[in-house]
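Examination of the molecular architecture
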Amino acid sequence: HEAAVSAVCVSPSSLFSGSCDGTARSWSLATDEEQIVFAGHQDAVWCLALGATELFTGSFDMSVRVWGIEDGRCIAVLDDHSSPVWTLCLSSTHVFSSGNDGRVNMWNLSSWKKDKIFVSDRTVSAVCVC
């Protein structure tokens, strides 16, 4: 990375990092080598979530991007926030994104469409699905 690392998550074989340089990266746990650079955000990548075959990145550019973890290809851009995205959380059917705009967006993992919006009059800085 060319700036501070702001988020990390791990799979059995890889470490994923998000950075203020606007990229996310994957690193081999076995060799410590960089595998893929996920580039496309216009501002800092602030949060990550890892699915079975996708990496989700939330950014200060107000978007969530969905990436293929094997090839680094951007699969979808989820862009309905009006301020930076602070947190991401996955369930078996949805990814949830929240941010400074007080919204928690609930995105369908099959269609990449927004199913619901939860609105607060304050910043939402954490989301957890149990």
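Let us look at the structure shown here. Just so it is clear, the structure is predicted and the values come from calculations on it, not from any experiment.

**Structural notes on the sheet that holds strand S3 (residues 23-28)**
Reading across from one edge, S1-S2-S3-S4 is the order of the four strands in this open sheet, with antiparallel pairing throughout. Every other strand in the sheet has two partners, leaving strand S1 (5-10) and strand S4 (34-39) as the edge strands with one partner each. For this sheet the average axis-to-axis angle between neighbouring strands, irrespective of direction, equals 20°. Examined bridge by bridge, S3 and S4 share five bridges and lie antiparallel to one another. If you follow Thr23 over to S4, its bridge partner there is Ala39.

**Brief notes about a nonpolar patch on the surface**
Together, Val5, Val8, Val10, Leu15 and Leu29 give the surface a local cluster of nonpolar side chains, amounting to about 420 Å² of exposed area. Considering every element that reaches the nonpolar patch, the biggest residue donor is S1, with three residues.

**Things to note about the pairing of strand S11 (residues 103-108)**
Burial analysis of S11 places six of its six residues in the buried class, which makes it a mostly covered element. Neither face of S11 is exposed, since Arg103, Asn105 and Trp107 on one face and Val104, Met106 and Asn108 on the opposite face are all buried. Relative to S11, strand S10 (residues 94-99) is paired through five bridges, and the arrangement is antiparallel. What sits directly across from His94, in S11, is Asn108. Joining the antiparallel neighbours S10 and S11 is a turn of three residues, in which Gly102 adopts a positive phi near 80°. When S11 meets strand S12 (residues 114-119), the two strands line up antiparallel, connected through five bridges. Each bridged residue has a counterpart across the sheet, and for Val104 the counterpart in S12 is Phe118. Between S11 and S12, which follow one another and run antiparallel, lie five residues, and Trp112 among them has a positive phi close to 60°.

Rules behind the numbers
Residues numbered from 1 in each chain as written. Predicted model: local features only at pLDDT ≥ 70, side-chain atom pairs only at ≥ 80, totals over all residues. Heavy atoms only, no water. Pairing = 2+ DSSP bridges. Helix = DSSP H or I, 4+ residues; strand = E, 2+ residues; numbered from the N terminus. Axes fitted to C-alpha atoms, helices over the stretch in contact; angles between N-to-C directions. Patch = residues over 30% accessible without salt bridge, like charges linked within 9 Å, V, L, I, M, F, W, Y side chains within 5 Å. Areas by Shrake-Rupley, 256 points an atom, 1.4 Å probe, with all protein chains shown as cover. Salt bridge = Lys/Arg side-chain N within 4 Å of Asp/Glu carboxyl O. Buried < 20%, exposed > 50% of the residue type's maximum accessible area, 1.4 Å probe, protein only.

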